[in-house]
Amino acid sequence: MLRINTQTDKLHPQPAHSVSQHRRQRITSPPNGPQTQSQANAGTEPMKALITANFSDESLTRLTDELGMDVEYLPIADRDGRLPEDELQAHLRDTEVLIVGYEGIPEHLLDEADALQIIACARGGPDANVDIDAATEREIPVLYAPGRNAVSVADFTWGEILSLMRNIAHGHHLLHTGTYTGDARADAAGGGSREDVTWGMGNDSPYVQLKGPELAGKTVGIIGMGAVGREVAKRAQGFDVDLLGFDPYIDADAMAEHKTEKTELDELLRESDIVTVHVPVTDSTRGLIGGDEFEMMKESAYFINNARGAIIDQEALIDQLQSGGIRGAALDVYDMEPIPEDHPLLDFDNVVTTPHLAGAAEEVIDRHSEMLVDDIEAVLNDSDPTHVANEESLS
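The text that follows walks through the structure, step by step, so that each part is easy to find.

Rules used in this analysis
- Residues numbered from 1 in each chain as written.
- Predicted model: local features only at pLDDT ≥ 70, side-chain atom pairs only at ≥ 80, totals over all residues.
- Heavy atoms only, no water.
- Axes fitted to C-alpha atoms, helices over the stretch in contact; angles between N-to-C directions.
- Helix = DSSP H or I, 4+ residues; strand = E, 2+ residues; numbered from the N terminus.
- Parallel < 35°, antiparallel > 145°, perpendicular 65-115°, else oblique.
- Left-handed = near helix turned anticlockwise from the far one by under 90°.
- Contact = heavy atoms within 4.5 Å.
- Nonpolar A, V, L, I, M, F, W, Y, C, P; charged D, E, K, R; others polar.
- Pairing = 2+ DSSP bridges.
- Salt bridge = Lys/Arg side-chain N within 4 Å of Asp/Glu carboxyl O.
- Buried < 20%, exposed > 50% of the residue type's maximum accessible area, 1.4 Å probe, protein only.

### Quick notes on the packing of helix α6 (residues 150-165) against helix α9 (residues 227-236)
Move 1: Contact pair α6 / α9: the axes reach a minimum separation of 8 Å and the direction vectors enclose 50 degrees. By the criterion of interaxial angle, the relationship of α6 to α9 is oblique. The way α6 lies across α9 gives a crossing that is right-handed. On α9, the residues touching Ala150, Val151, Val153, Ala154, Asp155, Thr157 and Trp158 of α6 are Ala227, Val228, Glu231, Val232, Arg235 and Ala236.
Move 2: A class-by-class count of the residues in the contact of α6 with α9 yields 9 nonpolar, 1 polar and 3 charged.

Quick look at the structure:
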C-alpha cells in the first residue's frame, strides 16, 4: 500500500466535485504538521483514520495537512459493493477515526475496535448502518451529514414532476423506439411568410397524444418538511404553485417561512394536484401511504416518491395506476432494488422510473466531506460538533 508524505507529494488537483485519485492509499501528514488538542495531550503520534466513503480531495488534505492524520482511503467508488466485514474488521483494529459510507458497523465490530474514538457517517441517517446505542455505550460519538443531498434531491424532484406531467421522458422513449419518427418535412404548414415546421396536429400526433398540464395554479403537497422538503418548497416559488405541507414535527410558522400551508395528511392528499414524499423510514412512516391514502387522491393527481420504497405500499400504487385512480407517478425508489426487468411499474406509459438517482449529484461528496471534517475537527478540539447522533457520548 502506497504511503504518501504530503510534505513532498501533493494531491493531484481535480474539480471540486471529484472523488480523490488516491484510492486504496495511505496518506500521511507532514512530519512537523499541526496537532489537534487531543494529539497535543496524548503525544505526537498521528491519529489513524480509515475512510470507506467517497471523499473529496480538499477534505482528505484537511485531514492530513491540517489535522495531522494518517489516512487510509478505501472509497466505495473502487468497489462493487460494501467492504467485506472480515476486511473491515482487520482495518478497524488500529483505527481511531472511522469515516464510513455504507458498511454496517454493528456491536460485534465495535468490540474489536479498541482504538476507535470517532465514527463519522457520510449519510443523513447513520442509524441505517451504525449501531448507535453500542457506540454510545463505548463513548464513541457518531457524526453524520444531514441534508448533504437535500439540494440534489429537490432538483431531481422538480425534474421528475416536469418530466411526468409534460411527458418528457415518455416522448424521449417514443422517439428512440421509432413511434414518432418518419419522413421529414421542411415546412409543414406552408402559405405564410414564416416557416412553421411541426410534427403534425392530428389526433395521433405527439402534440395531441403527449399534451400535459401546466404547473401554474396547481397545488403541490409536500409530505415531510425537513431539509429536502424545504428545498422542494424553495424551488416551487418560480412555478406559481400553491404549497401544502404535512409534517408533525414542523409547526405552521416554520412552514409559512417557506410559503407552505401546514395541513393534515388526509387534507393534503385530497387537495393536492401533485404529492411528493420526503420522509425517512421510521416506525411511524413505514407504509405511510397505502391503499386508503391513494384512494383519497384526485384522479388527476400525480404521485412522486424519491424518499424510500418502504414509505408506500407499492402494490397499492400499482392497483391505483391500473384502475386510473391517479394520473401518473414518478419513482426513484422501490420495495426492492434493483427492480426486475419484468416489473409491472415498467409497463406504464404514465410512470417515470429512475434507478435511485435523486441524491447522485456531483456536489454531494464535497458537501458531506466538508461537514464531517468540520465536526471531526470540533470533537478533537473539545468543541461541540454540529451534527452528532449521540450527544451523550460527548459528556
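### Remarks on the sheet that holds strand β14 (residues 351-353)
Move 1: Overall, parallel pairing links the 7 strands, which are arranged β10-β9-β8-β11-β12-β13-β14 in an open sheet. Both outer strands of the open sheet, β10 (260-262) and β14, are each paired with one neighbouring strand and no more. Neighbouring strand axes in the sheet, compared pairwise and without regard to direction, differ in orientation by 20 degrees on average.
Move 2: Two strands pair when backbone bridges link them, and strand β13 (residues 328-331) and β14 are joined in this way by 3 bridges, in the parallel orientation.

### Examining the pattern of salt bridges
A side chain of one charge can pair with a side chain of the opposite charge when the charged atoms of the two come close.
Move 1: Within this structure, the stated rule accounts for 12 salt bridges.
Move 2: Linking Arg138 and Glu137 is a salt bridge whose minimum nitrogen-to-oxygen distance equals 3.8 Å.
Move 3: Judged by relative accessible area, Arg138 falls into the partly exposed class, the value being 28%.
Move 4: The salt bridge involving Glu231 is made with Lys234; its shortest N-O contact spans 3.4 Å. Here Glu231 pairs with Lys234, and both are found in helix α9, just 3 residues apart, close to one helical turn.

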